[in-house]
Amino acid sequence: MVEALGVAVVGFGWMGRVHTQAYARVPHHFPGLALRPELVTVADEVPGRAEEAAERFGFASATRDWRAVLTDPRVRAVSVTAPNFLHREIGVAVAAAGRHLWIEKPVGLNAEDTGAVADAVATAGVQAAVGFNYRNAPAVEAARALIADGDIGRVTHVRVRLFSDYAAHPDGALTWRYERARGGSGVLGDLASHGADLARHLLGEITSLTADTAVFVPERARPTGATAGHALAAGGETGRVENDDYVSCLLRFASGARGVLEACRVSVGEQNAYGFEVHGTKGAVFWDFRRMNELGVSRGTGYQDQPVSTVYVGPGAGEFAAFQPGAANAMGYDDLKVIEAYRFLRSIAEGTPYGATLRDAVRSALVLDAMERSARRGEWVDVPRE
């Protein structure tokens, strides 16, 4: 028997919509799931936004106050897709209210914030999931299995890159994303958090690093009203960008492998250029998000001049079979969030975590904090254990 689970979404920008659509699609792709999400309420402080979302997507109710969500007896799980500076407060409150939590990254502005949410979840005994969606790509899961099975030998080094142009326009509005108190560490929390998670997911724990950061667009115009996404605001009063546009980092892993992680939000000519290259003593594996369902794989005994083959993932890789019947049928970004929603709901149904957890978020946040510390000091630093 399928049980209904009342869900709420707090914050209805683009990511709030993605979560909502993922909930709606889960029963179609995973009909065997014991829970069926029901859209109970949506909260957003911008006047009219929650009401519009309710009408468009079928929420039973709407509110401007996220706290009202936690007193609604119909709500058993909450998606938190509000701006970064609200994540700690809302996340802790959701857990304390006994609701299950699906929260976007970064979970907090730093590791302390993230740890507070993780502790609240552990104390309350609820289930939680984190929006590290790129690890959900079937090709990434295939790459992880290939590495774990030793198909490319002992891993020697990895390069993880996350380049985007969403902040490249000099007229981009000075929203909360560019303020230290509300947006945290800038590109570190936004993109490098995914990179740290991918690196850990593929190769294990990062033990030490050295990093360099930079701001390439130092001033932006302040918006005159509510904004969504990456709006432009030419001609307004300007203010200083307080967090970083760019980070590069050398990594050392517990396994002895080495790595390079690079992320930038102002890379002109790059749109969602995310991916990794993992090299081992007998081969290599390559992944580019823009060709999400493909892997470049080199393995064998040739060593020199060993060819790279393109592998199209299919059923048997991750959750691919829930979306497409055969290899080379494309999946997209929103499908990764459907997988994330499914694993979150499965965690609730079975009482066992599936997918990225709050502990993963804490480990990623500790890496990001170490990057900031290294950049300030100009030296190698250790990544602390929890």
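First, a word on what this report is: a plain description of the structure on this page. Computed from a predicted structure; not experimentally measured.

As for the overall build of the protein chain
No. 1: A tally of helices and strands in the protein chain yields 10 helices and 17 strands.
No. 2: A globule of 386 residues ought to have a C-alpha radius of gyration of about 21 Å, and the protein chain, at 21 Å, matches this closely.
No. 3: Taking the intrachain contacts of the protein chain between residues at least 6 apart in sequence as the baseline, contacts between residues at least 24 apart amount to 70%.
No. 4: As displayed, the protein chain offers around 16,000 Å² of accessible surface, 48% of which is attributable to carbon and sulfur atoms.
No. 5: Here the protein chain contributes 40 positively and 46 negatively charged side chains, and the mean placements of these two sets differ by 3 Å.

Concerning the environment of Ala 118
No. 1: Mapped onto the elements, Ala 118 comes out in helix H5 (residues 111-124).
No. 2: What makes Ala 118 buried here is its relative accessible area of 3%.
No. 3: Ala 118 has contacts with Leu 358, Arg 359 and Val 362, leaving out every residue within four places of it along the chain.

Notes on the packing of helix H1 (residues 14-29) against helix H9 (residues 333-350)
No. 1: Closest axis-to-axis distance for the H1/H9 pair is 8 Å, and the angle between their directions is 70 degrees. If you check the angle between H1 and H9, you find them roughly perpendicular. Here the hand of the crossing between H1 and H9 comes out right-handed. Facing Trp 14, Met 15, Arg 17, Val 18, His 19, Gln 21, Ala 22, Tyr 23, Arg 25, Val 26 and His 29 of H1, the residues of H9 in contact are Tyr 333, Asp 334, Asp 335, Lys 337, Val 338, Ala 341, Tyr 342, Phe 344 and Leu 345.
No. 2: Broken down by class, the residue content of the contact of H1 with H9 amounts to 12 nonpolar, three polar and five charged.

Structural notes on a nonpolar patch on the surface
No. 1: Residues Leu 250, Val 260 and Trp 380 make up a contiguous nonpolar surface patch of roughly 240 Å² in combined accessible area.
No. 2: Using a relative accessible area of 42% as the deciding quantity, one classes Leu 250 as partly exposed.

As for the sheet that holds strand E15 (residues 294-298)
No. 1: A sheet is described by the order of its strands in space; here nine strands give the open sequence E16-E15-E14-E13-E7-E12-E11-E8-E17, paired in mixed fashion. Lying at the two open borders of the sheet, with one neighbouring strand each, are strand E16 (309-312) and strand E17 (381-382).
No. 2: Summarising the sheet, strand E11 (residues 246-253) and strand E12 (residues 258-264) pair through seven bridges and their orientation is antiparallel. Bridged to Arg 252 within E12 is Arg 258.

Section: the sheet that holds strand E3 (residues 61-63)
No. 1: Pairing is parallel across the open sheet formed by six strands, whose spatial order is E3-E2-E1-E4-E5-E6. Of all the strands in the sheet, just E3 and strand E6 (128-130) have a single pairing partner and so form its edges. With direction set aside, neighbouring strand axes in the sheet form an average angle of 25 degrees.
No. 2: Two elements, strand E1 (residues 3-10) and strand E4 (residues 77-80), share four bridges in a ladder whose sense is parallel. Among the inter-strand pairings, Val 9 is bridged to a residue of E4, identified as Ser 79.

Digging into the pairing of strand E8 (residues 206-214)
No. 1: The sheet contact formed by E8 and E11 spans eight bridges and is antiparallel. Of the residues in E11, the one forming a bridge with Ala 211 is Cys 249.
No. 2: Summarising the sheet, E8 and E17 pair through two bridges and their orientation is antiparallel. By the bridge assignment for E17, Ser 208 is matched with Asp 382.

Notes on the side chain of Thr 210
No. 1: Mapping Thr 210 onto the fold places it in strand E8.
No. 2: For Thr 210, a relative accessible area of 18% gives the class buried.
No. 3: For Thr 210, the side chain forms a polar contact with the side chain of Ser 374, separated by 3.5 Å.
No. 4: Once residues within four sequence positions are removed from consideration, Thr 210 is found in contact with Ser 248, Cys 249, Leu 250, Ser 374, Glu 379 and Trp 380.

Here we look at the environment of Asp 171
No. 1: Take Asp 171: it is sitting in the loop between strand E7 (155-163) and helix H7 (180-183).
No. 2: In the structure, Asp 171 is positioned 67 residues away from Thr 238 in sequence and 10.0 Å away in space, judged by C-alpha atoms.

Regarding the state of the cysteines
No. 1: Here the structure, examined in full by the defined rule, presents zero disulfides.
No. 2: Between Cys 249, a cysteine without a disulfide, and Cys 264, which holds the nearest cysteine sulfur, the sulfur-to-sulfur distance is 15 Å.
No. 3: Assessed through its relative accessible area of 2%, Cys 249 is described here as buried.

Let's talk about helix H8 (residues 187-203)
No. 1: Taking 1.5 Å of rise per residue, 17 residues should cover 24 Å, and H8 covers 22 Å from first to last C-alpha, within 8% of that figure.
No. 2: At Ser 193, H8 shows its maximal bend, which comes to roughly 35 degrees.
No. 3: Of all 17 residues in H8, 17 are buried; the element is thus mostly enclosed.
No. 4: Just downstream of H8, Gly 204 is the residue with a positive phi angle, here 100 degrees.

Rules behind the numbers
Residues numbered from 1 in each chain as written. Predicted model: local features only at pLDDT ≥ 70, side-chain atom pairs only at ≥ 80, totals over all residues. Heavy atoms only, no water. Helix = DSSP H or I, 4+ residues; strand = E, 2+ residues; numbered from the N terminus. Rg over C-alpha atoms; globule rule 2.2 N^0.38 Å. Contact = heavy atoms within 4.5 Å. Areas by Shrake-Rupley, 256 points an atom, 1.4 Å probe, with all protein chains shown as cover. Lys, Arg positive; Asp, Glu negative; His and termini not counted. Charge placed at Lys NZ, Arg CZ, Asp CG, Glu CD. Buried < 20%, exposed > 50% of the residue type's maximum accessible area, 1.4 Å probe, protein only. Axes fitted to C-alpha atoms, helices over the stretch in contact; angles between N-to-C directions. Parallel < 35°, antiparallel > 145°, perpendicular 65-115°, else oblique. Left-handed = near helix turned anticlockwise from the far one by under 90°. Nonpolar A, V, L, I, M, F, W, Y, C, P; charged D, E, K, R; others polar. Patch = residues over 30% accessible without salt bridge, like charges linked within 9 Å, V, L, I, M, F, W, Y side chains within 5 Å. Salt bridge = Lys/Arg side-chain N within 4 Å of Asp/Glu carboxyl O. Pairing = 2+ DSSP bridges. Polar contact = N/O pair within 3.5 Å; in protein donor to acceptor, adjacent residues only side chain to side chain. Disulfide = S-S within 2.5 Å. Expected span 1.5 Å × (residues − 1). Bend = angle between axes of the 7 residues up to and from the residue.

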